[in-house]
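What follows is the residue order along each chain.
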Amino acid sequence: MTNMGLLVSVFLAFVRVGAMAFGGAYAAIPLVEQEVVTNAGFMTYDEFVDLLALDEVTPGPILINSATFVGMRVAGVPGAVVATLGCILVPCAVAISLLFLFRRYKETSLVKSIVLTLKCMALALIVSTMLKLGANAIMPDAVKPDLARGAYAAAVMCVAFYLMHWRKIRPLPVMLACGALNVVVTLLGL
C-alpha cells in the first residue's frame, strides 16, 4: 500500500471509530479494536492491549490518544495527524449539530428515549470491554492458562479496585503501585 493509501486507510478507520463512538472513550474501545486489529490489521491484539495501558497513563482523552498512537505507529507523524483528525471530525460536526437540536427539543419524549438508549448502549460496551480485558489479564494464553499468573492478576485487580473504589485513592498512584509491584515480582522471578 502506498504511503498516501495508508494515510487514507488510517484516516477512514478513525472516521468510522469517531462516527460510532457513543458513550465516551471506554465504550469506543471495542470499535477501535475492531478497526485497528480485526479490519485493518494495523496491530495485533497484544499490541492493542499494550496501547490501552499506555492510553491510561498518558494525559489526555483516551480515544484521541489511541488514534494518535496508532497513526504514529502505522505512518509516523502524518499518520498521527490524520488519525487524530479522523477521530474528531465526525464527533465535532455531530456535537455542534446536536447541541442546537437538543436545546430546542430536550423535553420531548423522543429525545428522552434516545438519550436513555444511548446510556444503555454505552454501559453494554463498557461492560463488554471490561470482561474482555479482564479475561485477557487473568488468562492471556487461553489454550494453556497459567493459573498462578491468572490468580496473581486477579488479586492485583481486586486490590486495585478496592483501593480506588472504597478507599478513594486516585487511579494514578494505584497504577504506579501496581506497576512497581509487577517490576518487583518480575525481578524476583515469582
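A few points on the structure. (Residues numbered from 1 in each chain as written. Predicted model: local features only at pLDDT ≥ 70, side-chain atom pairs only at ≥ 80, totals over all residues. Heavy atoms only, no water.)

### Re the environment of glycine 189
Stated precisely, the cut-off is as follows: Labels follow the DSSP assignment, with helices taken as runs of H or I lasting at least four residues and strands as runs of E lasting at least two, numbered in each case from the N terminus. Buried residues are those whose accessible area, probed at 1.4 Å on protein chains only, stays under 20% of the maximum for their type, while exposed residues exceed 50% and partly exposed ones sit between those limits.
Relative to the helices and strands, glycine 189 resides in the segment after helix 7 (171-188). Using a relative accessible area of 61% as the deciding quantity, one classes glycine 189 as exposed. Separated by 186 residues in the primary sequence, glycine 189 and asparagine 3 have C-alpha atoms spaced 44 Å apart.

### Focus on the layout of surface pockets
Put simply, the rule reads: In the cavity and pocket records, a cavity denotes points on a 1 Å grid over the protein atoms alone where a 1.4 Å probe fits but cannot get out, a pocket denotes an open set with protein on both sides within 12 Å along at least 5 of 7 lines, and lining residues are residues with an atom within 4 Å of a point. Grid points are joined across faces, edges and corners, and a volume is the space filled by probe spheres set on the points. Charged residues are taken to be Asp, Glu, Lys and Arg, nonpolar residues to be Ala, Val, Leu, Ile, Met, Phe, Trp, Tyr, Cys and Pro, and polar residues to be all remaining types, Gly included.
Put simply, the largest pocket is a space of about 1,800 Å³. Around the largest pocket, the lining is made up of 33 residues, and of these Ala53, Glu56, Leu133, Ala137 and Met157 lie nearest the centre. Among the secondary structure elements, those contributing two or more residues to the lining of the largest pocket are helix 2 (25-39), helix 3 (45-57), helix 5 (109-138), helix 6 (147-165) and helix 7. Here the residues of the lining of the largest pocket sort into 23 nonpolar, six polar and four charged. The computed volume of the second largest pocket comes to approximately 640 Å³. Looking at the lining of the second largest pocket, the elements with two or more residues in it are helix 1 (3-20), helix 4 (62-105) and helix 5. Here the element with the most residues in the lining of the second largest pocket is helix 4; it accounts for eleven residues. Residue classes in the lining of the second largest pocket are distributed as 21 nonpolar, three polar and one charged.

### Remarks on unusual backbone geometry
The phi dihedral of lysine 168 is positive, around 60°, even though this residue is not glycine. Inspection of the secondary structure puts lysine 168 in the loop between helix 6 and helix 7. Its relative accessible area of 65% is what places lysine 168 among the exposed residues.

### Observations concerning a nonpolar patch on the surface
Note the cut-off: Here the term patch refers to residues with relative accessible area over 30% and no salt bridge, with like charges joined within 9 Å and nonpolar side chains (Val, Leu, Ile, Met, Phe, Trp, Tyr) within 5 Å. Under the convention used here, a 1.4 Å probe and the Shrake-Rupley method define accessible areas, while residue burial counts only the protein chains that appear. Any carboxyl oxygen of Asp or Glu within 4 Å of a side-chain nitrogen of Lys or Arg constitutes a salt bridge here.
Residues Met72, Val77, Val81 and Leu85 make up a contiguous nonpolar surface patch of roughly 350 Å² in combined accessible area. Mapped onto the elements of the fold, leucine 85 is located in helix 4. Assessed through its relative accessible area of 47%, leucine 85 is described here as partly exposed.

### Section: the packing of helix 2 against helix 3
Note the following rule: Lines are fitted to the C-alpha atoms to define the axes, a helix being fitted only along its stretch in contact, and any angle between axes, read from their N-to-C directions, falls within 0 to 180 degrees. Less than a right angle of anticlockwise turn of the near helix away from the far helix marks a crossing as left-handed, whereas a clockwise turn marks it as right-handed. Should any heavy atoms of two residues lie within 4.5 Å, those residues are considered in contact.
Two elements in contact, helix 2 and helix 3, have axes whose closest approach is 11 Å; the angle formed by their N-to-C orientations is 145°. Here helix 2 and helix 3 pass one another in a crossing that is right-handed. Residues Tyr26, Ile29, Val32, Glu33 and Val37 of helix 2 form the contact with helix 3, whose own contacting residues are Tyr45, Phe48, Leu52 and Glu56. Class assignment of the residues belonging to the contact of helix 2 with helix 3 gives a composition of seven nonpolar, no polar and two charged.

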